[in-house]
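Observations on the model geometry
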Amino acid sequence: MDILPNALLAYLDDHCDPEPEALQQLNRETHLKVLRPHMLSGHYQGRLLSFLSKMVAPKCILEIGTYTGYSAICLAEGLAEGGILHTIEVNREMEDIINSHFKLTNVENKIKLHFGQAEAIIPDLEADVFDLVFIDADKKNNFTYFQLVFDKVRSGGLIIIDNVLWKGKVYGPEKDTDTENIRKLNDHIAVDSRIEKLILPVRDGLLVIRKK
Ligand SMILES: C[S@@+](CC[C@H](N)C(=O)[O-])C[C@H]1O[C@@H](n2cnc3c(N)ncnc32)[C@H](O)[C@@H]1O
């Protein structure tokens, strides 16, 4: 479910930069061949991730949750010259579709793809400092990921967390475990004085955090 009404989404799509052709292809292929295609960031959120990345001009990006590679390609658009994006995915079945689209979009030399559980991989990554981190994997571990990456994010760097509005359930009466976990994360971030934070009601809710 999108937080914004469909008519508004269509208007936004029509009045923002178009989805690049290569990403339209990946979007289509994901919908045709892969389970749960709604997980892909898509046109509007993808352009926002690209925009934010271009503003930061990161030398080093970490993405947790590659899926078919859509958001990784968007974020890589903003990498500084010689920059690198590390992306972590637990599901090996995604390997062919990810690698073929990294090649098609000419980002294969800028992106290092890691397969495995993010929690185990993050501490061993060959990266001292992250300029931008995008957390978009298993939502129950979002707080663990936030804690694991925090000390490695530079001052002024961004941490972006997806799905923080959880289809609107976080401000409703729901008491299921997933909703409670996301509420806890949002509550914790809201009072953390080391960071500036803003929830953008884009798609399922993007929490943009800037480290002071
Ligand atoms: C919402 S999708 C990512 C979508 C992608 N970022 C995009 O916008 O196109 C979440 C992905 O995280 C992966 N994932 C789930 N748990 C994980 C874990 N513990 N470590 C690494 N990846 C994980 C899933 O297999 C899935 O492909």
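Fair warning: this is a prediction, and the values are worked out from it, not measured in the lab.

The subject of this paragraph is the packing of helix α2 (residues 21-33) against helix α5 (residues 95-104). Contact pair α2 / α5: the axes reach a minimum separation of 10 Å and the direction vectors enclose 165°. In terms of axis orientation, α2 runs roughly antiparallel to α5. Read as a crossing pair, α2 and α5 show a hand that is right-handed. When α2 is examined against α5, the residues Ala-22, Gln-25, Leu-26, Glu-29 and Thr-30 are found in contact with a partner set consisting of Ile-97, His-101 and Leu-104.

Here we take up the environment of Val-170. Along the chain, Val-170 falls in the loop between β5 (153-162) and α8 (177-190). A C-alpha to C-alpha distance of 24 Å links Val-170 and Ala-7, two positions 163 residues apart in sequence. With residues near it in sequence (within four places) discarded, Val-170 still touches Val-164, Leu-165, Thr-179, Ile-182, Arg-183 and Asn-186.

In the region of the ligand, 21 residues are neighbours, and Ser-41, Ser-71, Glu-89, Gln-117 and Asp-136 sit closest. Contact between the ligand and Ala-118: a nitrogen atom at 3.0 Å from a main-chain N or O atom of the residue. At a separation of 3.4 Å, a nitrogen atom of the ligand approaches a polar side-chain atom of Asp-138. Considered on its own, the ligand offers 600 Å² of accessible surface; in the complex 91% of this is hidden by protein. Elements with a minimum of two residues in the shell around the ligand: α4 (70-76) and β2 (84-89). Partitioning the shell around the ligand into residue classes produces ten nonpolar, seven polar and four charged.

Parameters and conventions
- Residues numbered from 1 in each chain as written.
- Predicted model: local features only at pLDDT ≥ 70, side-chain atom pairs only at ≥ 80, totals over all residues.
- Heavy atoms only, no water.
- Axes fitted to C-alpha atoms, helices over the stretch in contact; angles between N-to-C directions.
- Helix = DSSP H or I, 4+ residues; strand = E, 2+ residues; numbered from the N terminus.
- Parallel < 35°, antiparallel > 145°, perpendicular 65-115°, else oblique.
- Left-handed = near helix turned anticlockwise from the far one by under 90°.
- Contact = heavy atoms within 4.5 Å.
- Near = heavy atom within 4 Å.
- Polar contact = N/O pair within 3.5 Å; in protein donor to acceptor, adjacent residues only side chain to side chain.
- Areas by Shrake-Rupley, 256 points an atom, 1.4 Å probe, with all protein chains shown as cover.
- Nonpolar A, V, L, I, M, F, W, Y, C, P; charged D, E, K, R; others polar.

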